[in-house]
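Residues per chain, in single letters:
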Amino acid sequence: PEPTDGKSGGKSFKSQALQSDWVDQYGSLSAYGALTLMGAEFVSGPNDGKTPQYTPEYNLLFGMVYNWRDRIKIALMSNFGGSSFADDTNTAQRFIPAYDVWELTFECKVYRDTVSVIGGINNLFDRSYYSRIRSDGIDPAGALMIRRLQ
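The present account deals with the structure reproduced in this document. This is a predicted model, so every value here is computed, not measured.

**Looking at the packing of aromatic side chains**
With the rule as written, the count across this model stands at five aromatic pairs. Where Phe62 meets Trp102, the ring centres are 5.7 Å apart and the plane angle is 90 degrees; that geometry is what we call edge-to-face. With Phe62 in strand E2 (residues 58-68) and Trp102 in strand E6 (residues 99-111), this pair connects stretches of sequence that are 40 residues apart. Accessibility expressed as a relative area gives 32% for Phe62, which makes it partly exposed. Pairing Phe85 with Phe95 gives two aromatic rings, centres 5.4 Å apart and planes at 65 degrees, and the pair type is edge-to-face. Highlighted residues: Phe85 in strand E4 (residues 84-85) and Phe95 in strand E5 (residues 95-96), separated in sequence by 10 residues. By relative accessible area, which is 36% here, Phe95 ends up partly exposed.

Criteria and cut-off values
- Residues numbered from 1 in each chain as written.
- Predicted model: local features only at pLDDT ≥ 70, side-chain atom pairs only at ≥ 80, totals over all residues.
- Heavy atoms only, no water.
- Phe/Tyr/Trp six-rings, centres within 6.5 Å; stacked < 30°, edge-to-face > 60°.
- Helix = DSSP H or I, 4+ residues; strand = E, 2+ residues; numbered from the N terminus.
- Buried < 20%, exposed > 50% of the residue type's maximum accessible area, 1.4 Å probe, protein only.

Functional significance is not addressed by these values, which are geometric in nature.
Shown next, in the form of structure tokens:
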């Protein structure tokens, strides 16, 4: 097809072909995002007016994924979580402060679709945040390197 005359506002066949060639050569970049808003509260009983455990007011996820020919994928993702409590009575000792944490992950197909190298770093910037709740309290999380051959 011939290129558009510009009056219709459509893309021409040639620009789509150029875009496809660029993606084939250099790869693509995609954005990801999700927002969860919560407003939970007990309305009766012994915890009336308190917030149920593990119920932050918000959780925001966003990031970018680079993909080259489905052979190499690199993702930088974030998670921003609001503060919450680790118990229904909202005791100060079980308060979980708001946090932000970033992850960097990659996957590289080494041999066809059979062998891949997968890796990543959780908590890329080694931020202090609390994610593991145990019977003796809240355990702070640190950076974690992940490696796998598949």
